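# Structural characterization, general
Single-letter residue listing:
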Amino acid sequence: MRHVIKRIAKRLTSKIMRWHMNFKDKVFLITGSTSGIGQGIAKALLEKGAKVVINYAHNEENAKKTKELLKKYESNTLYIKADISNEKSVIEMYNKIEERFSKLDGLVNNAAYDKIFSIEDLPVEEFKKELDVNVIARWMCIKYGIPLLKKSKMPRVVNIASRLADRPAENSIAYCTCEAATVMLTKCCALELTSKYNIKVNTVSPSLTLTPLAKQSYTEEEIQLTAKKNPSRRLGEVEDTVNAVLFLLSEEADYINGENLNVNGGILLV
């Protein structure tokens, strides 16, 4: 019963916090936002009156489900199918955003890609693909978003990385390397873009989160074992990361810049 009460209190606190944040009529681009954390961020922003650009690369089924889920916000949403690892596609995406909204208040670099390989078995082309999607694409989305972000009074960029930016893991050399690079990408962009254009740039690094993809990738036994290792005795939920991202996009986070906010229940402590 005590556990249930805590969960209810947490959700109420979350809703109160979101109520205070003002996102009405602000424009946000969320890459990879037709499922999981990205979808959760998009939904939360739309609920707060924001206009949201929902990006996806190829999964039309997920896009269709997201359109149905967010149907009542359709006047405030723009769906763009674009491979953000392709420079031309990124430029075309921003042209569409400029045509529809003329500005951008925030970018959330959420799209990611990963496959499990040992160091010896990892193909060179696979490593390059992960670098393209998880590092170069994030940089390109920032680079080509600058002209629209400069039009905002409170421009923000949030890069979604991972706890693996700080902790190595077997069979994940490409992904770990990319997430560590994302944290440094954030710091470099924060240093340069804040002084020039007041664009604040931060990272959010979740631990294993109970998204539909995670539930498909791990057995229930593996999920329970991972949860037991965490000092908080549970895995992350989409809402945990959503709350952190919304905070960093808000006015309340105006003096936070170049930071990596770990949202992991304390897993890096053990």
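So, here is what we can say about the structure in this document. Numbering of residues starts from 1 in every chain and runs along the sequence as written. Predicted model: local features are reported for residues with pLDDT of at least 70 only, side-chain atom pairs are reported and counted for 80 or more only, and whole-chain, interface and lining totals are derived from all residues. Side-chain measures were taken over the full set of non-hydrogen atoms in the model, leaving aside hydrogen atoms and water.

## Comments concerning the overall build of the protein chain
Rules: A run of DSSP states H or I qualifies as a helix once it reaches four residues; a run of E qualifies as a strand once it reaches two. Both are numbered from the N-terminal end. The globule rule used for comparison is 2.2 Å times the number of residues to the exponent 0.38, while the radius of gyration itself is calculated over C-alpha atoms. The accessible surface values rely on the Shrake-Rupley method and a 1.4 Å probe; as for residues, cover is taken only from the protein chains in view. Neither His nor the chain termini are counted; the positive set is Lys and Arg, and the negative set is Asp and Glu. By convention, the charge on Lys lies at NZ, on Arg at CZ, on Asp at CG and on Glu at CD.
Broken down by element type, the protein chain carries nine helices and seven strands. Rg of the C-alpha trace for the protein chain: 18 Å, near the compact-globule value of 18 Å for 270 residues, within the 12% margin. Along the three orthogonal principal directions, the C-alpha set of the protein chain runs to about 50 × 50 × 40 Å. With the model as given, the accessible surface of the protein chain reaches about 14,300 Å², and the carbon-plus-sulfur share is 55%. Separation of charge centres in the protein chain, based on 41 positive and 33 negative side chains, amounts to 7 Å.

## Here we look at the packing of aromatic side chains
Put simply, the test is: Within 6.5 Å between ring centres, the rings of Phe, Tyr and Trp (the latter by its six-membered ring) count as paired, and their orientation is classed by plane angle as stacked under 30 degrees, edge-to-face over 60, tilted in between. Accessible area is worked out with a 1.4 Å probe on protein chains only. A residue is then buried under 20% of its type maximum, exposed over 50%, and partly exposed in between. Whether a charge sits over a ring comes down to the Lys NZ or Arg CZ being within 6 Å of the ring centre and within 35 degrees of the ring normal.
Applying the stated criterion across every chain yields a total of one aromatic pair. Ring plane angle 80° and centroid distance 5.6 Å describe the contact between Phe-23 and Phe-28, whose orientation is recorded as edge-to-face. Owing to a relative accessible area of 1%, Phe-28 belongs among the buried residues under this scheme. Above the ring of Tyr-79, the side-chain terminus of Lys-67 is found at 5.1 Å from the ring centroid.

## What to know about unusual backbone geometry
Even without being a glycine, Asp-25 presents a positive backbone phi close to 65°. Tracing the backbone shows Asp-25 in the loop between helix 1 (2–20) and strand 1 (27–30). The phi dihedral of Asn-171 is positive, around 65°, even though this residue is not glycine. Mapped onto the secondary structure, Asn-171 falls in the loop between strand 5 (156–160) and helix 6 (173–197).

## Considering the side chain of Asn-159
Our working rule: Residue contacts are counted whenever heavy atoms from the two residues lie within 4.5 Å of one another.
Note on placement: Asn-159 falls in strand 5. Filtering out sequence-adjacent residues up to four positions away, Asn-159 remains in contact with Asn-109, Ile-142, Thr-182, Leu-185, Thr-186, Val-201, Asn-202, Thr-203 and Val-204.

## Quick notes on the side chain of Thr-34
Within the secondary structure layout, Thr-34 lies in the loop between strand 1 and helix 2 (36–47). Contact partners of Thr-34, with chain neighbours within four places excluded, come to Gln-39, Ile-54, Asn-55, Tyr-56, Asn-62, Ala-63 and Thr-66.

## Here we look at the sheet that holds strand 7 (residues 260–263)
Backbone-to-backbone hydrogen bonds join strands into a sheet, with any given pair of strands oriented parallel or antiparallel. Note the cut-off: Note: two strands are recorded as paired if DSSP finds a minimum of 2 bridges between them. To obtain an axis, a line is fitted to C-alpha atoms, over the contacting stretch when the element is a helix, and the angle between two such axes runs from 0 to 180 degrees between their N-to-C directions.
Read across the sheet, seven strands follow the order 3-2-1-4-5-6-7 without closing on themselves; strand pairing throughout is parallel. Both outer strands of the open sheet, strand 3 (77–81) and strand 7, are each paired with one neighbouring strand and no more. This sheet shows a mean twist of 15° between the axes of neighbouring strands, independent of strand direction. Here strand 1 pairs with strand 4 (residues 106–109) via three bridges, running parallel. By the bridge assignment for strand 4, Phe-28 is matched with Gly-106. Contacts from helix 2 reach strand 1, strand 2 (51–56), strand 3, strand 4 and strand 6 (200–206) within the one sheet, and its direction differs from that of strand 1 by about 170°.

## With respect to helix 2
The line we're drawing: By this rule the span expected of a helix is its residue count minus one, scaled by 1.5 Å.
For helix 2, spanning twelve residues, the distance from its first C-alpha to its last is 17 Å, which sits close to the expected 16 Å at 1.5 Å a residue. Of all the residues in helix 2, the buried ones are Gly-36, Ile-37, Gly-38, Gln-39, Gly-40, Ile-41, Ala-42, Ala-44, Leu-45 and Leu-46. One or two steps after helix 2, the chain reaches Gly-49, where phi turns positive at roughly 90°.

## Remarks on the pairing of strand 1
So the rule is basically this: Clockwise travel from the first strand over the helix to the second, with the strands pointing away from the viewer, marks a crossover as right-handed.
Here strand 1 shows a buried face lined by Val-27 and Leu-29 and a second buried face lined by Phe-28 and Ile-30. Relative to strand 2, strand 1 is paired through four bridges, and the arrangement is parallel. Bridged to Ile-30 within strand 2 is Ile-54. Chirality of the crossover, the property in question, places the unit of strand 1, helix 2 and strand 2 among those that are right-handed.

## With respect to the environment of Gly-265
Its place among the elements puts Gly-265 in the segment after strand 7. Residue Gly-265 is classed as partly exposed on the basis of its relative accessible area, which comes to 42%. When the C-alpha positions of Gly-265 and Arg-233 are compared, they lie 8.1 Å apart, and in sequence the two are 32 residues distant. With residues up to four places along the chain from it excluded, the contact list for Gly-265 reads Asn-230, Pro-231 and Ser-232.

## Looking at the environment of Glu-87
Residue position: Glu-87 is located in helix 4 (residues 87–101). Looking at Glu-87, the relative accessible area reads 41%, which means it is partly exposed. Put simply, Glu-87 and Ile-136 are 49 residues apart on the chain and 9.5 Å apart in space, counted from C-alpha to C-alpha. Residue contacts for Glu-87: discarding those within four places in its chain leaves Met-140 and Tyr-144.

Note that all results are geometric; they support no functional claim without further evidence.
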